[in-house]
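# Per-entry structural report
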Amino acid sequence: MATSITMFSAFLIFLSVAYVNGFSSDPVNPPAFVVNLDLPEEQRWTEVALKYKQLVPDIYAIMKQFLPDPTISLPLIRKIAADVDSYLAKPYAGEMRGIAKTLNMSLGDVVTCNLLYDISAFCTSIVMQDANGTIWHARNLDYSFTEILRNISIRVDYQKGGKTVYTGITYAGYVGLVTGQRPNAFTMTMDERDQGAWWMNILIAILDRNASPVSFLLRDTLAMSENFTAALEKVAYTTTAASFYTIMGGVRVGEGAVITKGRVGPIDIWKLDAKSGRWYEVETNYDHWAPPPADDDRRDPAIKAMNSMGQKSISKKSLFNVMSTSPVMNNKTTYTVVMSAAQPEIMEAWIRNP
């Protein structure tokens, strides 16, 4: 019976979104919103929450059914929600409290699903330097909850005093960031590091209180770091809830790197070196020094596509085509992004419907 209800709920969501967006498989830009950082934390996401008020609660309900071992994880999450200001840093506790109030949901459900977003991402990110020395960055974000997440994908400009401080591509109801750009400074994306069941690491590390959830760290970095070097240092040396990859691009020649991050520090920092022929780096969900598994090799097709494109032919269109190559793009891809911090107006995202 529970399975039937789940399938019916998902079907209703699909129909409601199809009615709004149509059934076209053509890529479209996600809706754009402004989060005003000058507002109190509880009010920042009101417009987004109201826009998706009919969808997000049902999506949260479906996602919760995928929570691993709820007998262990749910009590921990309830503990966090009961004292959210102590366990989660500003501004995230207040922002999630505001979302919960707007959606008339329990804070525990909002906290649960914000954590769930962090444990099921499989991605492809590429940072590169073109023939003129300009740094570019492209990414596909793949998720287990593909169909429903495509329909709540949004672009957010985080502003202070009416000026955009940083921009992120995210999902309605999610306060962290795994894709972002600070104009004229740096770009960054997060890819999950395939370390098995790291969901428990996230929950336990939050209780540690010295560790930052990954998506919160990336948003903090976009908000606080003013250049590529400062951002790299912050990500690499902040204690985090789990191991992951951060792919970064800056605004100067050579400012590109893939950080393989352990919980307490970097395992490896792999920097661009165009003079030695490494004008791009591809990261999926596996250590770059080891071969990818045969059943999930997105790396080699991405490398082949990059070599075919060539360093002299980098453009928004050519990178979109690279990211559209199968299986770099696959049936779990929710969105594609192309960006360049030195040319912030280039940043564009597309919702993908393979």
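Looking at an unreviewed UniProt entry, the chain carries the name N-acylethanolamine-hydrolyzing acid amidase, with the source organism given as Mytilus edulis. In UniProt, the chain has this text filed under Pathway (unreviewed entry): "Lipid metabolism; fatty acid metabolism." Taken verbatim from the UniProt record of the chain, the Subunit (unreviewed entry) comment is "Heterodimer of an alpha and a beta subunit, produced by autocatalytic cleavage."

## Focus on the overall build of the chain
Within the chain, the secondary structure is distributed over 13 helices and 13 strands. When burial is assessed residue by residue, the chain has 58% of its 354 residues classed as buried. Of all intrachain contacts in the chain linking residues separated by at least 6 positions in sequence, the fraction that spans at least 24 positions is 67%. Summing over all exposed atoms, the chain offers an accessible surface of approximately 14700 Å²; the carbon and sulfur share of this is 53%.

## Let's talk about the nonpolar core
The biggest cluster of nonpolar side chains holds 72 residues, and the ones touching the most others in it are W45, Y52 and M96. Examining the composition of this core, we find that six residues originate from one element, helix α6 (residues 92-103), more than from any other. Not counting chain neighbours up to four residues away, the residues in contact with M96 comprise L88, L107, V110, V111, N114, V175 and F216. Grouped together as the second largest cluster of nonpolar side chains are 20 residues, A138, W279, M323 and I346 included.

## Thoughts on the sheet that holds strand β10 (residues 266-271)
Pairing between sheet strands relies on hydrogen bonds along the backbone, with the strands arranged either parallel or antiparallel. If you trace the eight strands from one edge of the open sheet to the other, you get β1-β4-β5-β6-β7-β8-β9-β10, paired in mixed fashion. Of all the strands in the sheet, just β1 (32-36) and β10 have a single pairing partner and so form its edges. Here the average twist between neighbouring strands, direction ignored, is 20°. Sheet topology note: the β1/strand β4 (residues 153-160) ladder contains five bridges and is parallel. Residue pairing for β4: F33 is matched across the bridge by V156. This element, helix α11 (residues 228-237), spans β7 (186-192), β8 (244-249), β9 (256-261) and β10 of the sheet and lies at about 10° to β9.

## Concerning α6
With twelve residues, α6 should reach 16 Å at 1.5 Å per residue; the first-to-last C-alpha distance of 16 Å fits that figure. Here α6 lies mainly inside the structure; ten of its twelve residues are buried. Residues of α6 that are buried: Y92, A93, G94, E95, M96, G98, I99, A100, T102 and L103. Directly beyond the C-terminal end of α6, a positive phi value near 55° is found at N104.

## Structural notes on the packing of helix α12 (residues 299-309) against helix α13 (residues 316-323)
For the pair α12 and α13, interaxial distance at closest approach is 9 Å and the crossing angle is 155°. Taken together, the axis directions place α12 and α13 in an arrangement best described as roughly antiparallel. Pair α12 / α13 crosses with right-handed handedness. Listed contacts from α13 to A305, M306 and M309 of α12 are S318, L319 and V322. Residue composition of the contact of α12 with α13, grouped by class: five nonpolar, one polar and no charged.

## Examining the confidence of the model for the chain
Averaged over the chain, the pLDDT score is 87; the fraction of residues at 70 or greater is 85%. Overall, residues 1-24 carries pLDDT values under 50, and its contacts beyond four positions in sequence, including any with other chains, amount to 17 contacts.

## A few points about the pattern of salt bridges
This model, assessed by the stated rule, comprises twelve salt bridges. Salt-bridge contacts for E281 lead to R278; the nearest nitrogen and oxygen are separated by 3.0 Å. When its relative accessible area of 0% is taken as the criterion, E281 is described as buried. Classification of R278 by relative accessible area gives partly exposed; the value is 29%. Linked by salt bridges that have partners in common, E42, D85 and R97 make up one network.

## A closer look at the UniProt feature "active site" (unreviewed entry) in the chain
UniProt feature "active site" (unreviewed entry): in the numbering of this structure it lies at C123. The class of C123 is buried, set by a relative accessible area of 0%. Setting aside chain neighbours within four positions, we find C123 in contact with R139, N140, L141, D142, M190, D191, E283, T284, N285 and R298.

## Overview of the packing of helix α10 (residues 214-224) against α11
A pair of packed helices can be characterised by two numbers: the angle between their axes and the separation between those axes. The N-to-C vectors of α10 and α11 enclose an angle of 155°; their axes lie 10 Å apart at closest approach. It follows that α10 is roughly antiparallel to α11 by the angle criterion. Judged by the sense of rotation from one axis to the other, the crossing of α10 with α11 is right-handed. Of the residues in α11, those touching α10 at L217, D220, T221 and M224 are A231, K234 and V235. Here the residues of the contact of α10 with α11 are counted per class, giving four nonpolar, one polar and two charged.

## Considering α12
Of the positions making up α12, those classed as buried are R299, A302, A305, M306 and M309. Axial view of α12: buried residues confined to an arc of 130°, hence all on one face. Exposed side chains of α12 directed beyond 90 degrees from the buried face belong to K304 and S308.

Conventions we followed
Residues numbered from 1 in each chain as written. Predicted model: local features only at pLDDT ≥ 70, side-chain atom pairs only at ≥ 80, totals over all residues. Heavy atoms only, no water. UniProt positions renumbered as here; feature names shortened; annotations may be inferred. Helix = DSSP H or I, 4+ residues; strand = E, 2+ residues; numbered from the N terminus. Buried < 20%, exposed > 50% of the residue type's maximum accessible area, 1.4 Å probe, protein only. Contact = heavy atoms within 4.5 Å. Areas by Shrake-Rupley, 256 points an atom, 1.4 Å probe, with all protein chains shown as cover. Core = buried A, V, L, I, M, F, W, Y, C linked by side-chain atoms within 4.5 Å. Pairing = 2+ DSSP bridges. Axes fitted to C-alpha atoms, helices over the stretch in contact; angles between N-to-C directions. Expected span 1.5 Å × (residues − 1). Parallel < 35°, antiparallel > 145°, perpendicular 65-115°, else oblique. Left-handed = near helix turned anticlockwise from the far one by under 90°. Nonpolar A, V, L, I, M, F, W, Y, C, P; charged D, E, K, R; others polar. pLDDT = per-residue confidence, 0-100. Salt bridge = Lys/Arg side-chain N within 4 Å of Asp/Glu carboxyl O. Arc of directions from axis to C-beta.

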